[in-house]
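Here are the chains, one letter per residue:
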Amino acid sequence: MHKKLALLLSLFLLVTEIPSCSFTGLSAQNLMTAPKANADQQAIYRQLQGTQTDVNFVYPRNGSYRSAIIMEDFTGNGVEDAIGFHSVENSTGVGVQFLVKEEGRWLAAAAFQNVATQVDRVCFANLAGGRKAVLIGWGSTAGATGRTAELKAYVCDGRDVEEYSLGNYGEMALTDFNGDGVHEVFTIDKYIPAEEDGSEPSPAMARLFLFRQDEPYQMTYCQADNDISNYSSVSFGQLNAQSPAVVVDGSTASGITTTQIFRLEGLAMKSLPDNVNQEDYVNPFARPSGASFSAQDINGDGYLEFPAVSLLPGLSGQAELDSTSYLVEWQAITGSMGFQPVLRALMNTRENYWFRLPFPLQGRVCAVNDPKLRTVTYTQVIPGEDGSELLGSTLFSIRVFTLSSWESRGETSGYTRLAGQNDSVYGIQILTKDQELRRYVEDIAKGFQLMAE
């Protein structure tokens, strides 16, 4: 008995150490000293175990919920319920159990088994009346296997849990297009080519599901870019005051990253840029793999901006390109769904900073990154009479120090502190002697920004 209890405590200690774990309030100390918490854990464990000799937990790979046991009030009665994932004896699939607590006892509300060998993610969609739909992505969205990932919704009504399929997906997001506090579910899948058995190809599709009387149904859909082979990010936000949208970043097999925008016109979903998969389709936000920038609210106005990139002048043909090698023009979406530049910036995603490039320096600055020294050197570029690009004097450098190395540096290091984040200190060294150029660099220092972690 003591060995079994020790094993049980070890299992739950492991669960609480998983990132984004939802075992609220159960610290390692509480596990050892709080009999009530231990009783809950033991009861949940026994329910998950059932007739099995042991429980092999399965952990979601992505999303905010990474625990094998997730505590969430999906019934809407104000009491936390439990969801547990585990492998199934004599099967290659994964089991999920929904547990509710009634009159101090943990009871099994429902159990389901999926043929997938892993759980991609878990989300909770708000329903009318305070309850929540549990969304579980079964399988993997990575690579070719992502074409078989399936999203299912589980809705609890009293002690009954109903399972609904929302189809295959490569990425998904919760949305609230009409602002009523009840979620819709957005999914986007990938292009599936024709099979050797003669089956027709299946185009990439974006879909929006609503919950009507707690049952999900597909409200609208539209085509997505067939060239995207992998999705890297998805977000829901405002394009402008009138237009919420889902923004999806993805990459092609050749490594080109693009951004797709999906919004509603009435009850119909539209993609932007339009004419997707047509011969005249052009995505202005196509960017090489080194330009790893995602759509975001870069200027803090509450609306999303989108990155269009161009290579900096003066770079050597042998230069290893990364995020510092590009001028990024961040564009906003106008009320008429046009694109409008709001700022031009130089970025360093590896070191988590960016700054606005003053207009007189645009097209006149080259950046050379030394990742080992954590230093980027910015040099003036002078156009030659024959159209060539000549490197002029060095303007400034930005270096990232550890906190200890910054504190121990000599007074002659030449760097002035710009900002600090965690164990990193960001310093700038102004090298140009030209007074006009020096003023521009001083403006850069004043506008230096750290990216949100």
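Calculation criteria
- Residues numbered from 1 in each chain as written.
- Predicted model: local features only at pLDDT ≥ 70, side-chain atom pairs only at ≥ 80, totals over all residues.
- Heavy atoms only, no water.
- Pairing = 2+ DSSP bridges.
- Helix = DSSP H or I, 4+ residues; strand = E, 2+ residues; numbered from the N terminus.
- Axes fitted to C-alpha atoms, helices over the stretch in contact; angles between N-to-C directions.
- Core = buried A, V, L, I, M, F, W, Y, C linked by side-chain atoms within 4.5 Å.
- Buried < 20%, exposed > 50% of the residue type's maximum accessible area, 1.4 Å probe, protein only.
- Contact = heavy atoms within 4.5 Å.

(A) Quick peek at the sheet that holds strand S14 (residues 243-252). Strand order in this open sheet of four strands is S13-S14-S15-S16, and the pairing throughout is antiparallel. One side of each edge strand has no neighbouring strand; the edge strands of this open sheet are strand S13 (228-240) and strand S16 (268-272). Between one strand axis and the next, the sheet turns through 25 degrees on average, direction left out of account. Bridge analysis of strand S15 (residues 257-265) against S16 gives five bridges, and the strand direction is antiparallel. Looking at the pairing, Ile261 lines up with Leu272 of S16.

(B) Spotlight on the sheet that holds strand S4 (residues 105-114). Strand order in the open sheet made by the four strands is S1-S2-S3-S4, with antiparallel pairing throughout. For this open sheet the edge positions go to strand S1 (69-72) and S4, each flanked by a neighbour on one side alone. Neighbour to neighbour, the strand axes of the sheet diverge by 20 degrees on average, direction disregarded. Sheet analysis places S1 next to strand S2 (residues 81-87), joined by four bridges and oriented antiparallel. Bridge pairing in S2 places Met71 opposite Ala82.

(C) Spatial organisation of the nonpolar core. If you look at the biggest cluster of nonpolar residues, it comprises 26 residues, and the most contacted ones within it are Leu346, Tyr353, Phe355, Leu357, Tyr378, Phe396 and Ile398. Apart from residues lying up to four places away in sequence, Leu357 is in contact with Leu327, Arg344, Ala345, Leu346, Gln362, Val365 and Ile444. The next biggest cluster of nonpolar side chains, apart from the first, holds 24 residues, and it includes Val96, Phe112, Ala116 and Val134.

(D) Representation of unusual backbone geometry. The step from Leu272 to Pro273 runs through a cis peptide bond, and the omega angle for that step is 0 degrees. By the secondary structure assignment, Pro273 is in the loop between S16 and strand S17 (306-311). Of note in the backbone geometry, Glu103 takes a positive phi value of approximately 50 degrees without being a glycine. Structurally, the position occupied by Glu103 is in the loop between strand S3 (94-102) and S4. By relative accessible area, which is 84% here, Glu103 ends up exposed. Although it is not a glycine, Asn277 adopts a positive phi angle of roughly 70 degrees. As for its placement among the helices and strands, Asn277 is situated in the loop between S16 and S17. The class of Asn277 is partly exposed, set by a relative accessible area of 28%.

(E) Structural view of the environment of Ser388. Its location among the elements puts Ser388 in the loop between strand S22 (375-383) and strand S23 (389-402). Judged by relative accessible area, which is 26%, Ser388 ranks as partly exposed. Each C-alpha atom, one on Ser388 and one on Gly314, is 8.7 Å from the other, the two residues being 74 residues apart in sequence. Beyond its immediate sequence surroundings of up to four residues, Ser388 is in contact with Ile382 and Pro383.

(F) The arrangement of the pairing of strand S21 (residues 365-370) in detail. In the sheet, S21 pairs with S22 via six bridges, with the strands oriented antiparallel. What sits directly across from Asp370, in S22, is Thr375. Adjacent in sequence and paired antiparallel, S21 and S22 are bridged by four residues, among which Arg374 carries a positive phi angle near 55 degrees.

Purely geometric stuff here, so don't read any function into it on its own.
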